[in-house]
Every structure is written in structure tokens, then in C-alpha cells.
Amino acid sequence: MAFSILGTGSAVPSKVVTNSELSIFLETDDEWISSRTGISERRVLTSESLTDLAAKAAERALESANIAASELDFILCPTLRGDQLFPSLSSRVSGRIGASCPALDINAACSGFVFALDVARAYFAAGQARRMLIVCAEAMSRLTDWTDRSTTVLFGDAAGAVVLGPGEGPLALRLTTSCNEEWLVSDVPSGNSPFAPYSPGTFLRMNGREVFKFAVSAIDKDVRLLCEQAGTSPEDVDYYLLHQANLRIIEAARSRLALPPERFPTNIQHYGNTSSASIPLLLDEQVRAGNMQKGQLLFLSAFGAGLSTGSCLLRWEA
Ligand code: ACO
């Protein structure tokens, strides 16, 4: 037995920060940000907690799946960091929505959603779950250095969720992790142990050019590999829901595949890079816009710190 997506949900903070607002305190401008990345604005947490956002996305997904929280067998929360180191974000979400099943956080950076789908696949295959909730929630505004124009302008905060039940998917799924401690890094503060040197921790640091090249070839490779594994071709895929990190990455991947832009929906314009929340946020938007039809083929692909990649080909069953 495998899974199908029964429902989707998402939530974003109410505070919108435009490119022009950033240029008030950073040496940047709307023209640079939108032409280099496609981003016009992003959402930023103010008075809400990340748990608030994650719980809202989860409740919306449960409602759209017509499932009660008490029916869930497992909750997975991909996140770079919740509101607290512990209890975990998934524990807190579980409490908010009134679930009583086990709950676990996963950190695979921006690839977290696809990693969670693979864990879910194993639970369904082992007969250990019939209803699972995945909630990806990211507070990128807490991880970036707001004095660093080269990273801060790229990210936003959001949560995206799916409820899974038994089904036929995925048709193919591939994860990779290759350790790279240079291109995408953030260090946690050390404790105050008298036996180890103190370090205050660091904000997110990135080698954008290297990540860019890595992402384009990873997406291209996965599309070809997974389509071949599933006995289909890239032309047969109805929608490519790619990690919304940079419009130029999506455009480069699309042009390598020589497929029309309509198959590559985007929302990076409004939300920036929301890490693991990016694909479920986009998926929820597509579902609510009525763009998903039963039987359509979807290709999900994400990449991020690790370095990690996760791609998944599935048929829309709802
Ligand atoms: N405004 C104005 N100028 C800027 C800004 C800014 N916000 N940021 C950088 N610049 C300047 C740089 O200082 C540099 O100036 P210089 O030539 O005088 O040194 C110039 O613009 C060019 O900088 P590049 O870094 O070469 O710009 P590039 O065209 O490569 O675009 C970008 C940078 C947008 C970061 C791109 O490389 C990219 O999107 N990379 C992929 C990022 C990504 O996908 N990250 C995923 C991370 S997800 C995760 O796991 C957390």
C-alpha cells in the first residue's frame, strides 16, 4: 500500500514586506531583486508564532481532506527550526489541533517536504499508518541576517500541509544527500560549557552561484531519471511544482526540458523562498484554484542545504 494526497492547506503571516521596503534599510532595490530572483514581496512573522502558522495550515488540510485530527496516525513536521528547540514543532502542532498520535520533526532544509513524503511512503507500505499529516513550516526571517542584502531579500515565512491516506502514489521518488559545509550553512550557538570554546552561532550564509548551478542540474537529472523509472516522459507531466527559490532556476530547468511555462506554476513573486513550505504552499494554491484534475501527473522537486535534493512523480488522485 502507498499513499495519496487527500487534502492540502497553507498559511502565511499577515505582514507583507515589499522589495521597496527592504531598500529602506538595505543597499538594494526592486529592480535588482525582481530581475535576479522574480521576487516582489514576501511574508514575515511579526506577532504570530510559527506554531500558529503551522497549526492553521494543518487545520485547513484536515478540513479539505474531511479528516478529524483524532484520526491521524502520525504527524511529520519538516522545519529548519521551530519556535522552540523542544518541545518540537510537531508536538506543539499536535497539541493545537487536538491530535494524539506520535509526531516528529524532520530537517532536510528546503527538500524537507519530499523527504517527509518518502518517510510517509514507508509507514503506509509497512501498514503502520492510514492517515498522516505533513506540515512544513519555516520562519526564515529568524535565520537570515537582516543586514546582509545577498540573502535576506530571498526568503519568506510560510507553512504548507497535506493529509495523506491510502492510495497508489508515488510513481517514483528520489532523495539525495551529499555533505557540503560551505555553500549553505548556519551554525547554532554553543552552550556555556567550561570545557568547550564558546560560539555565538551564525545566520544563514550561502554561495548563491554554486547553489544555482547545483539546483538546475539536479532538477534536470531527476526529471529524466524518475520519468524513465515510471515508464513515462517529461512531456507527459502536467505540472512541475518546483521549489520556489529563484524564478531563474525554474526558468533554466524549464528551458532544458523545452516545455511550456504553463506547466511550471510559480508563486515566488509573492512569498520568496519559504524553504520546505514552498512546494506544499504552491500545491495548496493550485488545488484551491481548481487546477488539479484527477489523473494528472505531477512532478515535485526541491533542493537545499545538506546539500539535499528530493523529487517525486505522482498521479493526482483526489
Ligand atoms: N541588491 C543589490 N545587489 C546585490 C544584492 C541585492 N539584494 N545581493 C547581491 N548583490 C550584488 C553582489 O554584491 C554582487 O555585487 P559585486 O558584483 O559588486 O560583487 C552582485 O550583486 C552580483 O551578485 P551575485 O551573487 O553574483 O548575483 P547572482 O546574479 O548570482 O544572483 C542569487 C544571486 C539571486 C542569490 C542567485 O545566485 C541565486 O538565486 N542562487 C540560488 C539561491 C538558492 O536557490 N538558494 C536556496 C537556498 S535554500 C536553503 O536550503 C536554505
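Residues numbered from 1 in each chain as written. Predicted model: local features only at pLDDT ≥ 70, side-chain atom pairs only at ≥ 80, totals over all residues. Heavy atoms only, no water.

**Describing the environment of Asp 222**
Part 1 of the argument: Looking at the secondary structure, you find Asp 222 in helix H7 (residues 208-229).
Part 2 of the argument: Separated by 48 residues in sequence, Asp 222 and Arg 174 have C-alpha atoms that sit 7.5 Å apart. (Helix = DSSP H or I, 4+ residues; strand = E, 2+ residues; numbered from the N terminus.)

**Some details on the packing of helix H3 (residues 50-65) against helix H4 (residues 89-97)**
Part 1 of the argument: Following both chains from N to C, one finds H3 and H4 inclined at 55°, their axes separated by 9 Å at the closest point. When the axes of H3 and H4 are compared, the pair comes out oblique. Once H3 is placed against H4, the crossing between them reads as right-handed. From H3, Leu 50, Thr 51, Asp 52, Ala 54, Ala 55, Ala 58, Glu 59 and Leu 62 reach across to H4, where they touch Leu 89, Arg 92, Val 93, Arg 96 and Ile 97. (Axes fitted to C-alpha atoms, helices over the stretch in contact; angles between N-to-C directions. Parallel < 35°, antiparallel > 145°, perpendicular 65-115°, else oblique. Left-handed = near helix turned anticlockwise from the far one by under 90°. Contact = heavy atoms within 4.5 Å.)

**Some details on the sheet that holds strand E12 (residues 297-304)**
Part 1 of the argument: Ordered in space as E8-E13-E12-E11, the 4 strands form an open sheet in which the pairing is mixed. Each edge of the sheet is formed by a strand with only one pairing partner; in this case those strands are strand E8 (172-177) and strand E11 (239-242). Neighbour-to-neighbour, the strand axes of the sheet open up by a mean angle of 10°, direction not taken into account.
Part 2 of the argument: Contacting E8, E12 and strand E13 (308-315), helix H5 (residues 112-125) runs over the sheet at an angle of about 120° to E8.
Part 3 of the argument: Where H7 meets the sheet, its contacts fall on E8, E11, E12 and E13, and the angle it forms with E13 comes to roughly 35°. (Pairing = 2+ DSSP bridges.)

**Digging into the sheet that holds strand E7 (residues 158-167)**
Part 1 of the argument: A sheet is described by the order of its strands in space; here 5 strands give the open sequence E1-E7-E6-E4-E5, paired in mixed fashion. Two strands lie at the open edges of the sheet, namely strand E1 (2-11) and strand E5 (103-106), each paired on one side alone. Strand-to-strand, the axes of this sheet are offset by a mean angle of 20°, without reference to chain direction.
Part 2 of the argument: Sheet topology note: the strand E6 (residues 132-138)/E7 ladder contains 7 bridges and is antiparallel. By the bridge assignment, Ala 137 is partnered in E7 with Ala 159.
Part 3 of the argument: Each of E1, E6 and E7 touches helix H10 (residues 278-288); the most contacted strand, E1, lies at about 90° to it.

**Some words on the pairing of E6**
Part 1 of the argument: A large share of E6 lies buried, amounting to 7 of its 7 residues.
Part 2 of the argument: Residue alternation in E6 divides its side chains into two sets, Met 132, Ile 134, Cys 136 and Glu 138 and Leu 133, Val 135 and Ala 137, and both sets are buried.
Part 3 of the argument: Two elements, strand E4 (residues 74-78) and E6, share 3 bridges in a ladder whose sense is parallel. The residue of E6 that forms the bridge with Leu 76 is Ile 134. (Buried < 20%, exposed > 50% of the residue type's maximum accessible area, 1.4 Å probe, protein only.)

**Some points on the domain arrangement of the chain**
Part 1 of the argument: According to the domain assignment, the chain contains domain 1 (2-167) and domain 2 (172-190 + 198-315).
Part 2 of the argument: Just the C-alpha atoms count here: the centres of domain 1 and domain 2 sit 15 Å apart.
Part 3 of the argument: Between domain 1 and domain 2, roughly 3400 Å² of surface is buried when both sides are summed, and carbon and sulfur atoms account for 65% of that area.
Part 4 of the argument: Taken together, the connections running from domain 1 to domain 2 amount to 0 salt bridges.
Part 5 of the argument: Counting the contacts that link domain 1 with domain 2 gives 19 residue pairs in polar contact (both at pLDDT 80 or more).
Part 6 of the argument: Here the element with the most residues in the side of domain 1 that touches domain 2 is H5; it accounts for 7 residues. (Domains from an automatic or database assignment. Buried area = accessible area lost by both parts, 1.4 Å probe. Salt bridge = Lys/Arg side-chain N within 4 Å of Asp/Glu carboxyl O. Polar contact = N/O pair within 3.5 Å; in protein donor to acceptor, adjacent residues only side chain to side chain.)

**A look at the packing of H7 against helix H8 (residues 247-257)**
Part 1 of the argument: Running from N to C, H7 and H8 cross one another at 40°; their axes reach a closest spacing of 9 Å. Taken together, the axes of H7 and H8 are oblique relative to one another. Seen from above, H7 lies across H8 with right-handed handedness. Judged by residue contacts, Phe 212, Ala 215, Val 216, Ser 217, Ile 219, Asp 220, Val 223 and Arg 224 of H7 engage Arg 248, Ile 249, Ala 252, Ala 253, Arg 256 and Leu 257 from H8.
Part 2 of the argument: Split into classes, the residues belonging to the contact of H7 with H8 amount to 9 nonpolar, 1 polar and 4 charged. (Nonpolar A, V, L, I, M, F, W, Y, C, P; charged D, E, K, R; others polar.)

**So, the pattern of salt bridges**
Part 1 of the argument: Inspection of the entire model under this criterion finds 12 salt bridges.
Part 2 of the argument: In this structure, the salt-bridge partner of Asp 83 is Arg 92, at a minimum N-O distance of 3.7 Å.
Part 3 of the argument: Overall, Asp 83 belongs to the partly exposed group, its relative accessible area being 25%.
Part 4 of the argument: One continuous salt-bridge network, built from bridges that share partners, spans Asp 83, Arg 92 and Arg 142.

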